[in-house]
Amino acid sequence: MPKEESSSKIINLDSLQPQSEFQRLLQACMENSDYDTVRNKLRDLGPSATDVEIRSLAPEGGGSVALMEEFLKFLYHVFTTRQDFELAQAWTGLFLKVHCSVITSEPKLQQRAQQLLTTQEASWQHLHQKFNQSICLINYLKSATL
């Protein structure tokens, strides 16, 4: 039996937009929330490739608001798992710097950014507390040996 082909001549414009592997991983996270693969991919990229991937999340760069929202969810996940804090800070800074106009115009992104802010502040407070504990312990050990 011959395979039936679609008789529609309408071209889906989404199919003309090539997605990077990073964007496909982020899109897969919309269904399965496996952010570890996204983190590993982004961690393995160099600085310029990371910059390109983050810039390409915006609608004008071939991405979408949904991908940007998923990236904010990814950053939230990274801060809540308390892994790769420095990288997450860098990714967050670049994302906010590049996409501030889109974030301010989209209520969903504003809400996610606010949620990310409170999580980032809590992570920083936790890290700050650990630094203070370490400093106190070092000062105690230093004074005990004299």
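Located above this text is the structure these notes cover.
Definitions and cut-offs
Residues numbered from 1 in each chain as written. Predicted model: local features only at pLDDT ≥ 70, side-chain atom pairs only at ≥ 80, totals over all residues. Heavy atoms only, no water. Salt bridge = Lys/Arg side-chain N within 4 Å of Asp/Glu carboxyl O. Helix = DSSP H or I, 4+ residues; strand = E, 2+ residues; numbered from the N terminus. Buried < 20%, exposed > 50% of the residue type's maximum accessible area, 1.4 Å probe, protein only. Expected span 1.5 Å × (residues − 1). Axes fitted to C-alpha atoms, helices over the stretch in contact; angles between N-to-C directions. Parallel < 35°, antiparallel > 145°, perpendicular 65-115°, else oblique. Left-handed = near helix turned anticlockwise from the far one by under 90°. Contact = heavy atoms within 4.5 Å.

*Asks:* For this particular structure, what's the right way to read the pattern of salt bridges?
*Replies:* Two side chains of opposite charge can pair, provided their charged atoms sit close to one another. Throughout the structure, instances matching the rule amount to 8 salt bridges. R112 is the salt-bridge partner of E69, the closest N and O atoms lying 3.3 Å from each other. A residue pair is termed long-range when its members are at least 10 positions apart, and E69 in helix 4 (residues 65-81) and R112 in helix 6 (residues 107-145) qualify at 43 residues. You can call E69 buried: its relative accessible area is 15%. Residues E70 and K73 are paired through a salt bridge, measuring 3.6 Å at the closest nitrogen-oxygen approach. Residue E70 and its partner K73 are located together in helix 4, separated by 3 residues, close to a single helical turn. We classify E70 as buried; its relative accessible area is 3%. Counted as one network, the salt bridges with shared partners bring together D36, R39, R43 and D84.

*Asks:* Honestly, helix 4 in this entry has me stumped. Any pointers?
*Replies:* Every α-helix winds through 3.6 residues per turn, so residues three or four apart in the chain are directed the same way. Here helix 4 contains 17 residues, and its C-alpha end-to-end distance of 24 Å stays within 8% of the 24 Å for a straight helix at 1.5 Å per residue. When helix 4 is considered as a whole, its buried residues turn out to be V65, L67, M68, E69, E70, F71, L72, F74, L75, V78 and F79. Phi turns positive one or two residues past the end of helix 4, at R82, with a value near 55 degrees.

*Asks:* Whenever I open this one, the packing of helix 4 against helix 5 (residues 85-105) confuses me. Can you help?
*Replies:* A pair of packed helices is captured by two measures, namely the crossing angle of their axes and the spacing between those axes. For the pair helix 4 and helix 5, interaxial distance at closest approach is 11 Å and the crossing angle is 155 degrees. Comparing the axis directions of helix 4 and helix 5 gives the class roughly antiparallel. Helix-helix and strand crossings are classified by hand; for helix 4 and helix 5 the assignment is left-handed. On the side of helix 4, the interface is formed by M68, F71, L72, F74, L75, V78 and F79, while helix 5 contributes F85, A88, Q89, W91, T92, F95, H99, V102 and I103.

Note that every value here comes from positions in space, so none of it alone points to a role or purpose.
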